[in-house]
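Residue-level structural notes
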Amino acid sequence: MDGSTIAALATAPAPAGVAVIRVSGPRTRMALGELFRSKKDPLSSPRLMCFGDILDFKTGEPIDKALAVFMPGPASYTGEDVAELQFHGSPVLVQRVLRSLYAFGILPAPAGEFTKRAFLSGKLDLAQAEAVADVVNSKSEEELRFAGEQLKGRFSQAVESIGEPLRDALAELEATIDFPEEDIQPDKLAQVAARAEVARAQVSKLLASYAFGSLVKDGVRVLLCGRPNAGKSSLLNLLVGKRKAIVSAVSGTTRDLIEEEASLAGHKFVFCDSAGIRETSDEVERIGVELAKERLPWADIVLFVVDATDSSPAWLETLAVLKGATKRIWMVGNKIDVNPAALGLFQPDSAVCQQLFYVSAKTGAGIGPLLEALVDDVAREMPERGEAGEVVTNERHRDCLRRAQDSLSAFIDMTHSKQAPLAILVADLREALSALDEIVGKTYTEDILGRIFSKFCIGK
């Protein structure tokens, strides 16, 4: 840390009942002494709210009535002296208070600077620091639950438990290098290789959990496809609970991809409406159709929407386009309010369409079973509650684990060779440990920290 004192708005930059400005660094005590006036001194009453006036540094005049709390380091979020000022949430007042602090010599905090200082002072490891941003940005109950478990350090503990036996093994190999006259014994090398095998299996298990983690963090991707005027846009609006897509009786209204996130029973979903798939001479519509086809591999589930009032077999041609281009297809017969007799009319191949639903996007009839099926599908993929802390949701962690797995595999393969140079074995094991240490921040570069904390909001 550079020894500077920083300040930033910790609440949303918008009119609100209360605004909170956070200050951290060595000049925090002086700032409270000079810029906050109250009957009860917050410096002598740490962690207790004190009522008083925030003062303008240049004029000495009160800016607003406020509550101030002082949290002395190292027992604070950043490990430094920290203060928080709570006052009326006017953007004008916020700017006046910040200008007063800056005039006193306090610097504006870059994005993520408070949490970065918490990491550098040892309050959080790097995986926990990333979990802070995940908690703040959570858009579903499940995403919040997983982020909360990682913030508690459960994922970090899992990574550390893999690394510790490898550290012991590395120490044994390096000791042998220090005494070259003593060759490593075959049984000792076999023991080290066995530890590496266990570690590789644990790393592989964590890597496999990314399939769950990506569903939690990125959401289940659901693409609505079908022929024009089948009611895809109406269904999208019904699924997300608001008017997101334009609905019209004119065929080919949707030209571009329309995405919207929604939370269903605590799970995050990303729904995407697409252009109706058909042959067309309209250049713009043709581009929309191509975009829809290109998006098929993106989807975890394709909802193939069919017009229940259309008795022609044209839907079979569209289904042929979807077949083999996506993971799973669920068929949705829409407009049953207009044609109730359509129930049971469609008989798609179950090997192609795993599920079949009948709905009315206009009245909402039948939407319940479809929503329940979507929730049940993702719920089956989720690990047990106690395992949430050992699920990879972060792409950086996934990359580190892949590198650790590759290095462990190289190490294990080399131990099977009687001519394996000890220096290469040590290098492979050290690289595996380095990759694991990078996850929790035992090893890092300024570039890594910059990329991580630049994604944080100001004031966190």
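Residues numbered from 1 in each chain as written. Predicted model: local features only at pLDDT ≥ 70, side-chain atom pairs only at ≥ 80, totals over all residues. Heavy atoms only, no water.

1. Some words on the sheet that holds strand β10 (residues 267–273)
Stated formally: We call two strands paired when DSSP finds no fewer than two bridges between them. Counting from the N terminus, the helices are DSSP H or I runs at least four residues long and the strands are E runs at least two residues long. Angles here are taken between N-to-C directions and fall from 0 to 180 degrees, while the axes themselves are lines fitted to C-alpha atoms, restricted in helices to the stretch in contact.
A sheet is described by the order of its strands in space; here 6 strands give the open sequence β9-β10-β8-β11-β12-β13, paired in mixed fashion. Pairing within the sheet leaves two strands with one partner each, and these edge strands are β9 (258–264) and β13 (353–358). Strand-to-strand twist of the sheet, defined as the mean angle between neighbouring strand axes without regard to direction, takes the value 25 degrees. Summarising the sheet, strand β8 (residues 220–226) and β10 pair through 5 bridges and their orientation is parallel. Paired with Leu224 across the two strands is Asp273, which belongs to β10.

2. Here's the deal with the pattern of salt bridges
Side chains carrying opposite charge are able to pair once their charged atoms draw close together. Quick reminder of the rule: Basic side-chain nitrogens of Lys or Arg form a salt bridge, by our definition, when they fall within 4 Å of a carboxyl oxygen of Asp or Glu. We call a residue buried when its accessible area falls under 20% of the maximum for its residue type, exposed when it is over 50%, and partly exposed in between, using a 1.4 Å probe and counting protein chains only.
What the rule picks out here adds up to 30 salt bridges. Among the ionic pairs, Arg145 bridges to Glu142, the shortest N-O distance being 2.7 Å. Of the two residues, Arg145 and Glu142 are both situated in helix α5 (residues 141–151); the distance of 3 residues between them amounts to about one turn of the helix. Pair check on accessibility: Arg145 and Glu142 agree, each one buried. One network of salt bridges, with partners in common, ties together Glu160, Glu164, Arg167, Asp437 and Lys442.

3. Quick word on the sheet that holds strand β3 (residues 36–38)
Judged by pairing direction, the sheet is mixed, and its 7 strands sit side by side in the order β3-β4-β5-β6-β2-β1-β7 without closing on themselves. In this open sheet, the two edge strands, each paired with only one partner strand, are β3 and β7 (107–108). Note: β3 against strand β4 (residues 50–55), 3 bridges, orientation antiparallel. Opposite Arg37, over in β4, you have Asp53 as the bridge partner.

4. Overview of the packing of helix α9 (residues 232–240) against helix α12 (residues 367–381)
Defined as follows: Angular relationships are summarised with four words: roughly parallel below 35 degrees, roughly antiparallel beyond 145, roughly perpendicular across 65 to 115, and oblique for the angles in between. Here a crossing is called left-handed whenever its near helix is offset anticlockwise from the far helix by less than a right angle, and right-handed whenever the offset is clockwise. Contact criterion: two residues are considered in contact whenever any of their non-hydrogen atoms come within 4.5 Å of each other. Three categories are distinguished: nonpolar for Ala, Val, Leu, Ile, Met, Phe, Trp, Tyr, Cys and Pro, charged for Asp, Glu, Lys and Arg, and polar for the others, with Gly belonging to the last.
Remark: α9 packs on α12, axes separated minimally by 12 Å, with the N-to-C direction vectors making an angle of 65 degrees. Classified by the interaxial angle, the pair formed by α9 and α12 is roughly perpendicular. The crossing of α9 and α12 is right-handed. Contacts between α9 and α12 involve Leu235, Leu238 and Leu239 on the former and, on the latter, Ile367, Leu370 and Leu371. The class makeup of the residues in the contact of α9 with α12 is 6 nonpolar, no polar and no charged.

5. Section: the confidence of the model for the chain
This is how it is decided: Per-residue confidence from the predictor is reported as pLDDT, a score between 0 and 100.
Counting all residues, the mean pLDDT for the chain is 87, and 90% of those residues have values of 70 or more. Within the model, pLDDT remains below 50 along residues 246–253, and this stretch shows 14 contacts once partners closer than five positions in the same chain are excluded.

6. Quick look at unusual backbone geometry
Glycine aside, negative phi is the norm for most residues, and most peptide bonds take the trans geometry. In this structure, the amide linkage connecting Gly73 to the following residue, Pro74, adopts the cis form with an omega of 5 degrees. Mapped onto the fold, Pro74 is located in the loop between β5 (62–71) and β6 (82–89). The phi angle at Ala265 is positive, at roughly 50 degrees, despite the residue not being glycine. Its location among the elements puts Ala265 in the loop between β9 and β10. Accessibility expressed as a relative area gives 66% for Ala265, which makes it exposed. The residue Lys335 is not glycine, and still its phi comes out positive at about 75 degrees.

7. Observations regarding the side chain of Asn394
Where we set the bar: Within 3.5 Å is the distance limit for a polar contact, defined as a pair of N or O atoms, with the added protein rule that one can donate a hydrogen and the other accept it, and that residues adjacent in sequence qualify only through two side-chain atoms.
Residue position: Asn394 is located in the loop between α12 and α13 (395–415). Residue classification places Asn394 among the buried positions, given a relative accessible area of 10%. From its side chain, Asn394 meets the backbone nitrogen of Arg396 in a polar contact 2.7 Å long. Apart from the residues lying within four places of it in its own chain, the contact partners of Asn394 are Glu130, Tyr210 and Lys217.

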